Amino acid sequence: MGSPLSPIAADIVLDSVISKAMSFLPFETTISKKYVDDIFMTIPRDSGQLILNTFNNIEPRLQFTLEIEENGRLPFLDMTVIRKPDQTLTTEWYAKQIASGRMLNYTSFHQPKHKINVANNFIHRVCSLTNNKSISEITKIIHSHLQSNNYPMQLINRLLHLYTSKTQEPEPSAVTQSQPSCQHPTQPAIMPANPTPTQSATPPPDQQNQGNIIPAVQNISPSSPSQPEIEKQDRELGVGRPR
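Residues numbered from 1 in each chain as written. Predicted model: local features only at pLDDT ≥ 70, side-chain atom pairs only at ≥ 80, totals over all residues. Heavy atoms only, no water.

## Some words on the sheet that holds strand 5 (residues 89–93)
Consideration 1: Strand order across the open sheet formed by 3 strands is 3-4-5, with antiparallel pairing between neighbours. The sheet terminates laterally at strand 3 (73–76) and strand 5, the two strands that pair on one side only. Between one strand axis and the next, the sheet turns through 30° on average, direction left out of account.
Consideration 2: The pairing of strand 3 with strand 4 (residues 79–83) spans 4 bridges and is antiparallel. The partner of Phe76 across the bridge, within strand 4, is Met79. (Pairing = 2+ DSSP bridges. Helix = DSSP H or I, 4+ residues; strand = E, 2+ residues; numbered from the N terminus. Axes fitted to C-alpha atoms, helices over the stretch in contact; angles between N-to-C directions.)

Shown next, in the form of structure tokens:
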């Protein structure tokens, strides 16, 4: 079955070949992404053959192939990268034309939680990778593929509703009401020059002649009486304390 270190060693070798080939290119690429042995790169026009020859000359036993965008579209992994007229990039979920579309069938004898996980993963993949279609178009894609694998319409709609409710950001007012803060209020490090009636303008005795600067975090509970005050209260109550 091979050594468990083989994938790691192959990844290290491929990274070394790519880094060396990139250093020989007469230009810098603004975008360069790699996943296992697939590389996505932005290059100048009419420089594809130069890049292909540079990569293939590093290690004769490692030969690369090149695929260039057509009509501003280039498949990469399970998405299509689309270059818009303003030169920005967007993506959409992609499947090869020869793909069968098969996934874990709902009528199989697998556990129901496995089938639901398959449907949830497919919904997440399509929704997260598609940025250039409307919600109705995305929903149509999801319904088409899941129904072809015998998933009930009611289950698909429920999973779609759960996914959208989780990914939809709540309104700020709802967050404030439903998620109260559990943090204690902190006091500013510098008091205002004109204190309000609810603020004290006189600093504590141990902070006299230090301006208006007070600790950033301060206990706001009532202060306990000093030792002389405690002894005075004891004398009035007739309570003696051992010395």
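## Structural notes on the nonpolar core
Consideration 1: By size, the foremost hydrophobic cluster in this structure holds 21 residues, and its most contacted members are Phe122, Ile123, Val126, Ile142, Leu146, Tyr151 and Ile156.
Consideration 2: Those elements giving two or more residues to this core turn out to be strand 3, strand 4, helix 3 (112–129), helix 4 (135–147) and helix 5 (153–167).
Consideration 3: Other than its neighbours up to four places away in sequence, Tyr151 contacts Leu104, Tyr106, Lys115, Val118, Ala119, Leu146 and Ile156.
Consideration 4: Val17, Ala21, Met41 and Ile58 belong to the second largest nonpolar core, which has 12 residues in total. (Core = buried A, V, L, I, M, F, W, Y, C linked by side-chain atoms within 4.5 Å. Buried < 20%, exposed > 50% of the residue type's maximum accessible area, 1.4 Å probe, protein only. Contact = heavy atoms within 4.5 Å.)

## Brief notes about the side chain of Glu92
Consideration 1: Along the chain, Glu92 turns up in strand 5.
Consideration 2: Assessed through its relative accessible area of 9%, Glu92 is described here as buried.
Consideration 3: A distance of 3.1 Å separates a polar atom in the side chain of Glu92 from a polar atom in the side chain of Asn132. (Polar contact = N/O pair within 3.5 Å; in protein donor to acceptor, adjacent residues only side chain to side chain.)

## Here's the deal with helix 5
Consideration 1: The end-to-end C-alpha separation of helix 5 is 21 Å, in line with the 21 Å expected for 15 residues at 1.5 Å each.
Consideration 2: What helix 5 keeps buried is the set Leu155, Ile156, Leu159, Leu160 and Tyr163. On an axial view of helix 5, the arc spanned by its buried residues comes to 130°, and they lie on one face. Of the residues in helix 5, the exposed ones pointing more than 90 degrees away from the buried face are Gln154 and His161. (Expected span 1.5 Å × (residues − 1). Arc of directions from axis to C-beta.)

## Considering the pattern of salt bridges
Consideration 1: As enumerated under the stated definition, the model contains 7 salt bridges in all.
Consideration 2: Across the pair Glu59 and Arg61 runs a salt bridge whose closest N-O atoms are separated by 2.9 Å.
Consideration 3: Across the pair Glu92 and Arg73 runs a salt bridge whose closest N-O atoms are separated by 2.3 Å. Here Arg73 lies in strand 3 and Glu92 lies in strand 5, a separation of 19 residues in the sequence.
Consideration 4: Salt bridges sharing common partners tie together Asp11, Asp15 and Lys34. (Salt bridge = Lys/Arg side-chain N within 4 Å of Asp/Glu carboxyl O.)

## Here we look at the packing of aromatic side chains
Consideration 1: Throughout the structure, instances matching the rule amount to 4 aromatic pairs.
Consideration 2: Centre to centre, the rings of Phe40 and Phe76 are 5.6 Å apart; their planes meet at 50°, and the pair counts as tilted. Linking Phe40 in strand 2 (residues 38–41) with Phe76 in strand 3, this pair joins segments that are 36 residues apart in sequence. You'll find Phe40 and Phe76 in the same group, each marked buried.
Consideration 3: In this structure, Lys115 is placed above the aromatic ring of Tyr106, and the distance from its NZ or CZ to the ring centre is 5.2 Å. (Phe/Tyr/Trp six-rings, centres within 6.5 Å; stacked < 30°, edge-to-face > 60°. Lys NZ or Arg CZ within 6 Å of the ring centre and 35° of its normal.)

## Examining the pairing of strand 5
Consideration 1: Burial within strand 5 is extensive, with 4 of its 5 residues counted as buried.
Consideration 2: Strand direction decides the pairing type here: strand 4 and strand 5, joined by 5 bridges, are antiparallel. Paired with Met79 across the two strands is Trp93, which belongs to strand 5.
Consideration 3: Joining the antiparallel neighbours strand 4 and strand 5 is a turn of 5 residues, in which Gln87 adopts a positive phi near 70°.

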